Amino acid sequence: MTISKTPFGTTKAGKPVHLYTLTNANGTEARILDYGATIQSLIYQGEDRVLGYDDLEGYENGDAYIGAVIGRVGNRIGEAQFELDGKTYSLFANNGLHCNHGGKEGFDRKVWTAGTDGRRLILDYLSPDGEEGFPGNLKVRATYELTEDDALILKLSAETDAPTPVNLTCHPYFNLSGEDTVKNHDLQVYSDLITNCDETLLPDGAIVDIQHSSLDFTKKKKIGEALSDTHSRRIREARGIDHNYILSDDFQNRIQNAATLSSGPVSLTVLTDQPGVQIYTANWLDDIGKGGRRMGNYSGCAIEGQGWPDSIHHASFPNCVLEPGEPYNRTIIYQFENESSQSD
Ligand code: BGC
């Protein structure tokens, strides 16, 4: 495994940005930016399997969190405010009335401090007390390691000096085939439950069984089959799949399969110890990406291991408040495989 570093431009605010390339003996490559701790490319068997941009301008102008680490709180916080220890905190409403993915300028828009220990790329960011309205100085670390069996391991950790909600995730959009959309991709999600949400995709606290509905991916099926179900209220309201599947309702730190996306012999399995996984089929994307490629609706599928959305407002959801002195460690693994190259 080698790690190399090249310049990737300068932000509008004048900060230099770098691209780090992790390469294993198979030639698999993970290209990561210190801007947003972003997965810019994942090259498996000669093909790039994620959406992204060729230049920093694309990342700075884009609004779809393509490939980035998300924080301080991934997904929605209802009505962009919350109460903690008797105090009300107001956030930036960037998703209708709600705060999504950290607010106006989340961790995806920050230049992280990068280093390596030879094996892993280590990215650090200090989110100061009051940033985006959140309490407490939060020290965040994202480490990326590429294994010799083609897994990219992302570890997310944090520590705080005051109680604060934290929900870190990562937002790569996978497209394994290079086709315009992922409608022909097969998807399997290792869960038959989602957090119920209203038409603004905000949870109402209920958990629903989605077996035998269009959101049921317990057996692998084509993404397009679900998307074409115009009778499904959930699919209609979200304009596609944009739902939090429940992997566990506790924090037992068990790494388990969250979802497998496949196209032909190539598959990508996301494993995580997070209690939920958001499956998002790029229902609002309209942009130009790497190599001038059009990134339209359904051109990628984001698989985001995460805490449950709006947990801060639901005592029955897994706790999202991090206390001083308490560890926060989460893992998300992106494992590539090609069934035709497997030996028996
Ligand atoms: C959310 C979507 C949102 C998207 C933004 C996803 O994680 O669930 O609702 O539109 O991120 O790119």
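All figures in this text were calculated on a predicted structure; none of them were measured in a lab.

**Some words on the overall build of the protein**
(1) Moving on: Across its full length, the protein carries 3 helices and 30 strands.
(2) Moving on: Over its C-alpha atoms the protein spans a radius of gyration of 19 Å, differing by no more than 12% from the 20 Å that the globule rule assigns to 344 residues.
(3) Moving on: Taken over the C-alpha atoms alone, the protein extends approximately 55 × 50 × 35 Å along its principal axes.
(4) Moving on: By the burial criterion, 58% of the 344 residues in the protein qualify as buried.
(5) Moving on: Averaging the coordinates of the 30 positive side-chain charges in the protein and doing the same for the 50 negative ones gives two points 2 Å apart.

**Section: the nonpolar core**
(1) Moving on: Grouped together as the largest cluster of nonpolar side chains are 59 residues, with contacts concentrated most on Tyr144, Ile241, Tyr245, Ile279 and Tyr334.
(2) Moving on: No other element matches strand S13 (residues 138-146), which puts 5 residues into this core.
(3) Moving on: Ignoring sequence-local partners within four residues, the contact set of Tyr245 consists of Val189, Ser191, Leu193, Ile194, Ile210, Leu215, Phe217, Pro275, Gly276, Val277 and Ile279.
(4) Moving on: The next biggest cluster of nonpolar side chains, apart from the first, holds 17 residues, and it includes Leu19, Leu51, Tyr53 and Tyr280.

**A look at the packing of aromatic side chains**
(1) Moving on: Taken as a whole and assessed by the stated rule, the structure comprises 11 aromatic pairs.
(2) Moving on: One aromatic cluster is present, built from ring pairs that chain together Phe8, Tyr53 and Tyr59.
(3) Moving on: The ring of Phe217 has Lys221 sitting right over it, with the charged end atom 4.7 Å from the ring centre.

**Observations regarding the site of the ligand**
(1) Moving on: Lining the immediate surroundings of the ligand are Ala64, Tyr65, Asn75, Arg76, Asn100, His101, His171, Tyr173, Asp242, Gln278, Tyr280 and Glu304.
(2) Moving on: Asp242 is positioned such that a nitrogen or oxygen atom in its side chain is 2.4 Å from an oxygen atom of the ligand.
(3) Moving on: A distance of 2.7 Å is found between an oxygen atom of the ligand and a side-chain nitrogen or oxygen belonging to Glu304.
(4) Moving on: Against a free-state accessible area of 310 Å², the protein chains account for coverage of 92% of the ligand.
(5) Moving on: When each cavity is represented as a set of grid points, the ligand is found to reside in the largest pocket.

**Quick word on the layout of surface pockets**
(1) Moving on: If you add up the space inside the largest pocket, you get close to 670 Å³.
(2) Moving on: What lines the largest pocket is a set of 31 residues, and nearest its centre among them are Tyr65, Arg76, Asn95, Asn100 and Tyr280.
(3) Moving on: Mapped onto the lining of the largest pocket, the elements with two or more residues apiece are helix H3 (233-238) and strand S25 (276-280).
(4) Moving on: Looking at the lining of the largest pocket residue by residue, the class counts come to 9 nonpolar, 12 polar and 10 charged.

**Some details on the environment of Leu154**
(1) Moving on: The residue Leu154 is located in strand S14 (residues 151-160) in this model.
(2) Moving on: On the basis of relative accessible area, Leu154 is assigned to the buried category, the value being 0%.
(3) Moving on: The sequence separation of Leu154 and Asp198 amounts to 44 residues, and the corresponding C-alpha distance is 31 Å.
(4) Moving on: In contact with Leu154, not counting residues within four places along its chain, are Ala142, Thr143, Tyr144, Cys170, Arg330, Thr331, Ile332 and Tyr334.

**Observations regarding the environment of Gly296**
(1) Moving on: With respect to the secondary-structure elements, Gly296 resides in the loop between strand S27 (294-295) and strand S28 (301-306).
(2) Moving on: Ignoring sequence-local partners within four residues, the contact set of Gly296 consists of Ala282 and Leu285.

**A short note on the environment of Asp204**
(1) Moving on: Note that Asp204 resides in strand S20 (residues 203-209).
(2) Moving on: C-alpha separation for the pair Asp204 and His314, spaced 110 residues apart in sequence, amounts to 8.5 Å.
(3) Moving on: Side-chain polar atoms of Asp204 contact the backbone nitrogen of Ala206, separated by 2.9 Å.

**Here we look at the pattern of salt bridges**
Side chains bearing opposite charge may pair, as long as their charged atoms lie close to each other.
(1) Moving on: The full count for this structure, using the stated rule, is 12 salt bridges.
(2) Moving on: Put simply, Lys290 and Asp48 hold a salt bridge, and the shortest N to O gap is 2.6 Å. Placement of the pair is Lys290 in the loop between strand S26 (287-288) and S27 and Asp48 in strand S5 (residues 47-48), with a sequence separation of 242 residues.
(3) Moving on: Accessibility expressed as a relative area gives 16% for Lys290, which makes it buried.
(4) Moving on: Linking Glu145 and Arg119 is a salt bridge whose minimum nitrogen-to-oxygen distance equals 2.8 Å. Of this pair, Glu145 sits in strand S13 while Arg119 sits in the loop between strand S11 (113-116) and strand S12 (120-127), and the two are 26 residues apart along the sequence.
(5) Moving on: Looking at Glu145, the relative accessible area reads 18%, which means it is buried.
(6) Moving on: The exposure class of Arg119 is partly exposed, given its relative accessible area of 45%.
(7) Moving on: Three or more residues are tied together by salt bridges with common partners; here these are Glu105, Lys110 and Glu131.

What counts, and where the lines are drawn
Residues numbered from 1 in each chain as written. Predicted model: local features only at pLDDT ≥ 70, side-chain atom pairs only at ≥ 80, totals over all residues. Heavy atoms only, no water. Helix = DSSP H or I, 4+ residues; strand = E, 2+ residues; numbered from the N terminus. Rg over C-alpha atoms; globule rule 2.2 N^0.38 Å. Buried < 20%, exposed > 50% of the residue type's maximum accessible area, 1.4 Å probe, protein only. Lys, Arg positive; Asp, Glu negative; His and termini not counted. Charge placed at Lys NZ, Arg CZ, Asp CG, Glu CD. Core = buried A, V, L, I, M, F, W, Y, C linked by side-chain atoms within 4.5 Å. Contact = heavy atoms within 4.5 Å. Phe/Tyr/Trp six-rings, centres within 6.5 Å; stacked < 30°, edge-to-face > 60°. Lys NZ or Arg CZ within 6 Å of the ring centre and 35° of its normal. Near = heavy atom within 4 Å. Polar contact = N/O pair within 3.5 Å; in protein donor to acceptor, adjacent residues only side chain to side chain. Areas by Shrake-Rupley, 256 points an atom, 1.4 Å probe, with all protein chains shown as cover. 1 Å grid on protein atoms, 1.4 Å probe; cavity = no way out; pocket = protein on both sides within 12 Å on 5 of 7 lines; lining within 4 Å. Sits in = over half its atoms within 2 Å of the grid points. Points joined across faces, edges and corners; volume = space filled by probe spheres on them. Nonpolar A, V, L, I, M, F, W, Y, C, P; charged D, E, K, R; others polar. Salt bridge = Lys/Arg side-chain N within 4 Å of Asp/Glu carboxyl O.

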